[in-house]
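Chain by chain, the residues:
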Amino acid sequence: MKQKMVIKVSMNKHKSRSKALKVAVGFSGVESVALKGDDMSQIEVTGDGVDAVALTTSLRKKVGYAEVVSVGAAGAGAGDQSMDNEKIEANPEPVVWPNYHVAAPLPHYDVCVVRDYDPYGCSIL
């Protein structure tokens, strides 16, 4: 399903506009990107299967402040809601995030500390 999203990005100069457009075009599923708004501070992205949150996060990292203004179907106008007739499928697979903060258990070694050398004084249980 094609969707259209508008993302507001703080773009002060021509260089930051160019960088923001390059970041948006580089995402998978993006078909078209255009500048929008009075001061050209909004990016309108049209595509199929584009993750709006991931795109916004990438724009924040590489350009600056960014926020999602709207996300909707590409053919939908102001009053047209064509999504009512379409079936929205839920993902039956649970999302499992890897846990990188849990360290693998360290091997256990029995340690015997000998203060005075006595070959028969150390016993390991």
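To start, this report covers the structure provided alongside it. Each chain carries its own residue numbering, running from 1 in the direction its sequence is written. Local features are withheld for residues below a pLDDT of 70 in this predicted model, meaning they are given only at 70 or higher, and side-chain atom pairs are given and counted only at 80 or more; totals for whole chains, interfaces and linings count all residues. With hydrogens and water excluded, all non-hydrogen atoms of the structure serve as input to the side-chain values.

Attention now goes to the pattern of salt bridges. The term salt bridge refers to a side-chain nitrogen of Lys or Arg lying within 4 Å of a carboxyl oxygen of Asp or Glu. According to the stated counting rule, one finds two salt bridges in the structure shown. In this structure, glutamate 31 engages lysine 2 in a salt bridge whose closest nitrogen and oxygen atoms are separated by 3.0 Å. Here glutamate 31 is found in strand β2 (residues 30-36), whereas its partner lysine 2 is found in strand β1 (residues 2-9), with 29 residues between them in sequence. Residue glutamate 31 is classed as partly exposed on the basis of its relative accessible area, which comes to 48%. Only DSSP runs of H or I with at least four residues qualify as helices, and only runs of E with at least two residues qualify as strands; both kinds are numbered from the N terminus onward. Each residue is placed in one exposure class: buried if its accessible area under a 1.4 Å probe, protein chains only, is under 20% of its type's maximum, exposed if it is over 50%, and partly exposed if it falls in between.

Positioned with a positive phi, methionine 40 is a non-glycine residue whose angle comes to about 55°. Relative to the helices and strands, methionine 40 resides in the loop between β2 and β3 (42-48). Taking the relative accessible area as the measure of exposure, methionine 40 reaches 38% and is therefore partly exposed.

Buried Ala, Val, Leu, Ile, Met, Phe, Trp, Tyr and Cys residues form a nonpolar core when they are joined through side-chain atoms within 4.5 Å. Core analysis: the biggest nonpolar cluster contains 15 residues, and Met5, Ile7, Val9, Ile43, Val45, Leu55 and Leu59 have the highest contact counts within it. Those elements that provide at least two residues to this core are β1, α1 (14-25), β3 and α2 (52-62). Only heavy atoms matter for contacts: two residues are in contact if any of them lie within 4.5 Å across the pair. Look past the residues within four positions of isoleucine 7 in its chain and what remains in contact with it is Ser41, Gln42, Ile43, Leu55, Thr56, Leu59, Ala66, Glu67 and Val69.

Turning next to the pairing of β1. Here β1 pairs with β3 via seven bridges, running antiparallel. Within β3, the residue paired with valine 6 across the bridge is glutamate 44. Pairing between strands is defined by DSSP: at least two bridges between the two strands are required.

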